[in-house]
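One letter stands for each residue in the lines below.
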Amino acid sequence: MRLAEYLKDNIPAMILQVLCMVLLSLFLLSAGNTADTVGFVLLIWFAVAAAYMAWCYYRRCGFLKRLLDLTEELEEKYLIAELMEKPLRADDRVFYGILKLADKSMLERVAAAERENREYREQIEQWVHETKTPITAIRLLCENNPTAIQKPLLLELERLNHYVEQALYLSGSEHTEKDYRIRELTLVEAVHQAIAQNKQLLLQNQVQLCVEPCDITAYTDEKWLVFILSQLLNNAVKYKNDTPVIEFRITQEDERVLLAVADNGIGIPPEDMPRIFEKGFTGRNGRTGGRATGMGLYLCMKLCERLGVGLEACSDGGGRTVFTLIFYRNPFVGVR
Amino acid sequence: MQSRIMLIEDDAVIREELRVLLTANQYDVGVIYDFGSVMQEIERFGPQLILLDINLPLEDGFRICAKVRTKYGIPIIFVTGRNTDMDELQSIMLGGDAFITKPYNTAILLAKIAALLKRAYPDCGEVALDCRGVRLHVERGTLEYQGQCVELTGNEQKIIYYLIRHAGKICPRADLIEYLWDNQMYIDDNTLSVNIARIREKLAGIGLSDFIRTKHRQGYIV
């Protein structure tokens, strides 16, 4: 609050003071006082009134400044009514009461929205887990009964399963803290799992795979990593060329372990490169292929961020695309 | 001797198909239909391994696992659609030996079962396979014919193993390749031909020719 604003608020009081001064002067003069006496009385009056106003201004300013500072420090600004001291002035208390009411009703709304959101997410998760049972049943039926359509059917099942998994991670992508377990993992094991999950896809597209045996480990969550690798495999096949080759390379540097997934597909145009991890971005390849959802890489990035794993992409635009997962070795892990 | 596996799963189709799959893979399968008397059934059947679903009527898999653990040390594999890490953690804490999530890859499931059985009962594993005078020593990775031995590489072992297991039947190349992929050998059609040629060469070296025959456009047969 600036002084000018404060004075402006107090214009009626000041006019009243001036009016009273004028009336008193007239009274004193008519009662036969000298102009000097009147002037002296007015001076005293003015001094007292000014001092009082200054004191009021100072207190008010202090009160408001404390309130503003408190609000500034608060992360959840809407909680100010819970924290501020109860004001002494009657009109302030009315505003305080209103603030508290507004606060309460908003908190109720937020809590309700959060609950609804959580319930919805839990329902989706529950539903995804339920769908796993019929998918398993179809898979087993398929594998136990060799027919001409067995292999195409298994491929479609793999796709179905991948999309269902995507839904699971998408529904939980904001609140998956409770659902991961970081432990030491032999990376090539996760690669084998991701390949097994997409066996029909890779076989029927005649993908040549290069996986070198390797016992390098990293600290991460197995399930999430397998999902990320599975997504990268799906992308590599989706944007393949005539003789697809996918290569997994696991290397160790001083403080980090790199897991690279390289393919010889159609590549990513340089102008699309900066945006491939954006939600819903499909790019030129996605538009011409027509099967991109723009969710896959976005999900990968999201999960990587949560795991504290780096994810980088590079492509020379006309052939080779490499996605590299970077696991940082915490220097404190393994120290005894 | 066939290993006995108890199947505790409430979905009728999955239960039946798993029974078919496991029976086809030379296991003796016991199935539970009445979930009110799980412990009695287990006692009666005396399994060497249990496949256990988590979501079950009456009692969930965790409680059954805890109950089994108070009496027996047999391996337990949890098989479930709920693949949250909390479930996995709980299953491990209660003494489960493996945790496989639906929809499982049957190759992985069978491999897990075989590995656990081998660990729990080291004596009853497959040591050798015989076929028309040829003996494959699985552990040593060698092939024996009329007293002569030849060493095989990993790929070759798996190919021979698969062919002998399906002796007398035509094995399509695609199935053979898929089997090798299940065993984490990602070979393609050309590499398979090379491998087969190399095996034939090795077999000829110990006086065995025409052991693996090619059925044109169909596959291989021994």
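Residues numbered from 1 in each chain as written. Chains lettered and ligands numbered in written order. Predicted model: local features only at pLDDT ≥ 70, side-chain atom pairs only at ≥ 80, totals over all residues.

Tallying secondary structure elements over chain B gives eight helices and 11 strands in all. Each principal axis of the C-alpha distribution contributes one length, and for chain B these read about 60 × 30 × 25 Å. Within the span of chain B, comprising 222 residues, buried residues form 30% of the whole. Counting contacts in chain B only where the partners sit at least 6 residues apart, residues at least 24 apart contribute 55% of the total. (Helix = DSSP H or I, 4+ residues; strand = E, 2+ residues; numbered from the N terminus. Buried ≥ 20, exposed ≤ 12 C-beta atoms within 10 Å, placed from the backbone. Contact = placed C-beta atoms within 7 Å.)

This paragraph deals with the interface of chain A and chain B. Between chain A and chain B, the contact holds 26 residues from the first and 25 residues from the second. Looking at the side of chain A that touches chain B, the elements that each hand over two or more residues are helix H5 (90-144), helix H7 (187-197), helix H8 (199-204) and strand S2 (208-211) of chain A. The leading source of residues in the side of chain A that touches chain B is H5 of chain A, at 12 residues. When the residues that make up the side of chain A that touches chain B are grouped by side-chain class, the tally is 10 nonpolar, eight polar and eight charged. (Nonpolar A, V, L, I, M, F, W, Y, C, P; charged D, E, K, R; others polar.)

Once that is clear, we can look at the sheet that holds strand S4 (residues 245-252) of chain A. Residue and element names in this part refer to chain A. Pairing in this open sheet of five strands is mixed, and the strands run S2-S4-S5-S7-S6 from one edge to the other. Two strands in the sheet have a free side with no partner beyond their single neighbour: S2 and strand S6 (309-315). Strand-to-strand twist in this sheet, taken as the mean axis angle between neighbours without regard to direction, amounts to 15 degrees. As paired strands, S4 and strand S5 (residues 256-263) are joined by seven bridges and run antiparallel to one another. Bridge pairing links Ile246 to Asp263 in S5. (Pairing = 2+ DSSP bridges. Axes fitted to C-alpha atoms, helices over the stretch in contact; angles between N-to-C directions.)

Here we come to helix H3 (residues 35-73) of chain A. Look at H3 of chain A: 56 Å from first C-alpha to last across 39 residues, which is about the 57 Å you get at 1.5 Å a residue. Counting buried residues in H3 of chain A gives zero out of 39 residues, a small share hidden from the surface. (Expected span 1.5 Å × (residues − 1).)

Ile228, Leu229 and Leu303 of chain A are the most contacted members of the largest nonpolar core, which has 56 residues in total. For this core, the element with the most residues is helix H9 (residues 222-238) of chain A, which contributes nine residues. The next biggest cluster of nonpolar side chains, apart from the first, holds 30 residues, and it includes Leu18, Val38, Ile42 and Ile74 of chain B. (Core = buried A, V, L, I, M, F, W, Y, C linked by C-beta atoms within 7 Å.)

Time to look at the domain arrangement of chain A. Often the size quoted for an interface is simply the accessible area lost on bringing the parts together. When its domains are assigned, chain A resolves into domain 1 (3-104) and domain 2 (184-328). For domain 1 of chain A and domain 2 of chain A, the distance between their C-alpha centres works out to 68 Å. (Domains from an automatic or database assignment.)

Turning next to the sheet that holds strand S4 (residues 76-80) of chain B. All names here are of chain B. Taking strand neighbours across the sheet as the criterion, the five strands line up as S2-S1-S3-S4-S5 in an open arrangement whose pairing is parallel. Edge positions in the open sheet fall to strand S2 (27-31) and strand S5 (98-101), since each of these has one partner strand only. When strand polarity is set aside, the average angle formed by the axes of neighbouring strands in this sheet is 20 degrees. As paired elements, strand S1 (residues 3-8) and strand S3 (residues 49-53) share four bridges and run parallel to each other. Pairing of Ile8 across the sheet is with Leu52, part of S3.

Residue and element names in this part refer to chain A. Tracing the backbone through its elements, the reader meets Asp263 in strand S5. In this structure Asp263 comes out as buried when scored by C-beta crowding, with 25 C-beta atoms within 10 Å. It is 4.5 Å that separates the C-alpha atoms of Asp263 and Ile246, two residues lying 17 residues apart in sequence. Setting aside its immediate chain neighbours within four residues, Asp263 contacts Ala236, Pro244, Ile246 and Thr321.

Residues and elements named next belong to chain A. Here strand S7 (residues 321-328) shows a clear split, with Thr321, Phe323, Leu325 and Phe327 buried on one side and none of Val322, Thr324, Ile326 and Tyr328 buried on the other. Sheet topology note: the S5/S7 ladder contains eight bridges and is antiparallel. Bridging from a neighbouring strand, Val261 pairs with Phe323 of S7. Bridge analysis of S6 against S7 gives seven bridges, and the strand direction is antiparallel. Paired with Ser315 across the strands is Thr321, a residue of S7.

Turning our eyes to something else, we now look at the environment of Ile80 of chain A. All names here are of chain A. Mapped onto the fold, Ile80 is located in helix H4 (residues 80-83). C-alpha separation for the pair Ile80 and Asp103, spaced 23 residues apart in sequence, amounts to 8.7 Å. For Ile80, the residues in contact, after removing those within four places along its chain, are Leu70, Thr71 and Leu74.

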